[in-house]
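Listed below, chain by chain, are the residues.
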There are 2 protein chains.
Amino acid sequence: MDILIPNPNTIDTVQAKTRQRLLDAAGEVFAEQGFHKATVREICNRAGANVAAINYHFRDKQGLYTSVLQYAHQCSADKYPPYNGSNARVEEQLKLFARSFLLRIFDEGRPAWHGKLMSREMIEPTTALDALVENNIRPIANQLESLVGEYLGQGASKQLIILCARSIVAQCVFYHHARPVISRLYPNQQYNLEEVELLADHITRFSLGALKEFKKQLKAVKK
Amino acid sequence: MDILIPNPNTIDTVQAKTRQRLLDAAGEVFAEQGFHKATVREICNRAGANVAAINYHFRDKQGLYTSVLQYAHQCSADKYPPYNGSNARVEEQLKLFARSFLLRIFDEGRPAWHGKLMSREMIEPTTALDALVENNIRPIANQLESLVGEYLGQGASKQLIILCARSIVAQCVFYHHARPVISRLYPNQQYNLEEVELLADHITRFSLGALKEFKKQLKAVKK
DNA sequence: AATTGTATAAAACGGCTGTTTTAATGTCAA
DNA sequence: TTGACATTAAAACAGCCGTTTTATACAATT
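Residues numbered from 1 in each chain as written. Chains lettered and ligands numbered in written order. Predicted model: local features only at pLDDT ≥ 70, side-chain atom pairs only at ≥ 80, totals over all residues. Heavy atoms only, no water.

This next bit is on the overall build of chain A. Secondary structure assignment for chain A yields eleven helices and zero strands. Scored against the burial criterion, the 223 residues of chain A give a buried share of 52%. On chain A, roughly 11,300 Å² of surface is accessible, and the fraction owed to carbon and sulfur atoms is 52%. (Helix = DSSP H or I, 4+ residues; strand = E, 2+ residues; numbered from the N terminus. Buried < 20%, exposed > 50% of the residue type's maximum accessible area, 1.4 Å probe, protein only. Areas by Shrake-Rupley, 256 points an atom, 1.4 Å probe, with all protein chains shown as cover.)

Structure (structure tokens):
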């Protein structure tokens, strides 16, 4: 057996990054295999860590998964902030919202875990989903709802606002969750940046058209 | 035991009974738990069969899953034949389309397996998906697109029609694929027949409002 | 220099999994 | 009845799983 004498310059970094390497490796494996099929041994193997590392750093496999889910969401949110146009007009903000959503979905890099992990949560929700919804998704939902509410004006009921917000989000996530079907129905469908721009534009126009009509009806009722 | 049907091949009948119970039980469990979390012991338990029954009738767990997928597809196709409201107005047909879609999604019975199993195919597509898209999904997509095209009129490009059709379908399937998140965001959300009616009504109004706006813009361009 | 706390390593532990083996049961044909 | 065959049942198997235990090495503190 070799007893490697570690370089004192790298000891701190190696130790400090074991947790991080586990998160990265687990993100890969969980996204590829799903929670139950993924094994702690494979995760530790890819991370170059001992089998006990997961239990030491994350209590258990479930704890690791929860952390990975939040980590992936954080990566995604960091790379694609919801939007930064709080001063812009509602129409502009809606388009920023859609584009940000689509960019997240079409990303091929590390945040791609986020999409796959979320899809798996939709099919087999774990306890990790509860925290994710409260900490990450609800703020975004509230943001969109207040945006829709602002556009529709005072006459709009809370229920109508919620339904419209859902209709908007639905168009965005559709391209993620139905991608295998879309690819088969329309083989020419591209997934590049230009396409994101085109889709964001359509979703915005479609949704604003719908909202405009609702607003008109609300005005008619008011009179 | 009564044998009402004078089938001379009683061996096959008895075999088919256990086989059938296994398919039903496995459909439940696979849909609830997913392939890996589901255990053959629980399936056999629900089916009132011995643990070895799966290996006897379906070779192994994977063979059972494949059979369940085909069986669930058959059930869904039987219960929800392709709708035909070709005589109604476009607005009415759109609402019929949305309601039909939502009813399938909110179905708690046997066809619910189909939806959940389909969701798994979205994450890890198998060869079964190709046939499913061509035989079942493409006809529905074409139907909706011709509906949208009819409403928008001659000026609408093929691309615009496709995008609008997707926006409509997206709103329907959203309630299927994002249900775990919706349930957590809005715990009061119901999933009964009245709710289906309400949602179908909203989706129709939202989409028609959007289409109306597109139509108006198309007219303006034409002038 | 001794102690404490943190991080990693190797090995083993129960437990559960899918599957197989072996035996028993029931059914039909000769 | 007898023999052959299909099906069910009980038990055991081998393997993998997540987790724990135990021991060691290192860093910082006293």
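Moving on, we come to the interface of chain A and chain B. At the interface, 57 residues of chain A touch 55 residues of chain B. Regarding the contact of chain A and chain B, the summed buried area is about 5,000 Å², with carbon and sulfur atoms giving 65% of it. On the chain A side of the contact with chain B, Arg166(A), Arg184(A) and Phe206(A) bury the most area, a combined 15% of that side's loss. Linking chain A with chain B are 22 residue pairs in polar contact (both at pLDDT 80 or more), by the criterion used here. Within the residue set of the side of chain A that touches chain B, elements represented by two or more residues are helix H7 (112–123), helix H8 (128–152), helix H9 (158–177), helix H10 (179–185) and helix H11 (193–222) of chain A. Among the elements that line the side of chain A that touches chain B, the one with the most residues is H9(A), at 15 residues. (Contact = heavy atoms within 4.5 Å. Buried area = accessible area lost by both parts, 1.4 Å probe. Polar contact = N/O pair within 3.5 Å; in protein donor to acceptor, adjacent residues only side chain to side chain.)

All names here are of chain A. Parsing chain A into structural domains produces domain 1 (8–72) and domain 2 (75–222). Contact with domain 1, which involves 18 residues of that partner, is made by 16 residues of domain 2. When the two sides are added together, the surface that domain 1 and domain 2 hide from each other amounts to roughly 1,500 Å², 62% of it contributed by carbon and sulfur. The largest contributions to the domain 1 side of the interface with domain 2 come from Ala 31, Leu 69 and Ala 72, which together make up 40% of the buried area. In this assembly, domain 1 and domain 2 are joined by zero salt bridges. Of all elements in the fold, only helix H2 (18–33) and helix H5 (61–79) reach the threshold of two or more residues within the side of domain 1 that touches domain 2. Taken together, the residues of the side of domain 1 that touches domain 2 sort by class into eight nonpolar, seven polar and three charged. (Domains from an automatic or database assignment. Salt bridge = Lys/Arg side-chain N within 4 Å of Asp/Glu carboxyl O. Nonpolar A, V, L, I, M, F, W, Y, C, P; charged D, E, K, R; others polar.)

For the rest of this paragraph, the subject is the nonpolar core. Taken as a class, soluble globular proteins show a tendency for nonpolar side chains to be buried jointly. Grouped together as the largest cluster of nonpolar side chains are 123 residues, with contacts concentrated most on Phe30(A), Leu211(A), Leu152(B) and Leu211(B). By size, the runner-up hydrophobic cluster in this structure holds 25 residues, among which are Ala25(B), Ala31(B), Tyr65(B) and Ala72(B). (Core = buried A, V, L, I, M, F, W, Y, C linked by side-chain atoms within 4.5 Å.)

Here we take up the packing of H9(A) against helix H8 (residues 158–177) of chain B. Relative orientation of the contacting elements H9(A) and H8(B) amounts to 100 degrees, with a least axis distance of 7 Å. The angle between the axes of H9(A) and H8(B) places the two elements in the roughly perpendicular class. Here Leu163(A), Arg166(A), Ser167(A), Val169(A), Ala170(A), Gln171(A), Val173(A), Phe174(A), Tyr175(A) and His177(A) of H9(A) lie close against H8(B), whose contacting residues are Leu163(B), Arg166(B), Ser167(B), Val169(B), Ala170(B), Gln171(B), Val173(B), Phe174(B), Tyr175(B) and His177(B). Looking at the contact of H9(A) with H8(B) residue by residue, the class counts come to twelve nonpolar, six polar and two charged. (Axes fitted to C-alpha atoms, helices over the stretch in contact; angles between N-to-C directions. Parallel < 35°, antiparallel > 145°, perpendicular 65-115°, else oblique.)

The next point concerns the relation of the copies chain A and chain B. With an axial shift of 0.0 Å and an RMSD of 2.4 Å, the rotation relating chain A to chain B amounts to 179 degrees. The operation mapping one copy onto its partner corresponds to a two-fold rotation axis. Comparing contact sets, 93% of the residues at the interface of chain A also lie at the interface in chain B, consistent with an isologous, same-surface contact. (Least-squares fit on C-alpha atoms with pLDDT ≥ 70 in both.)

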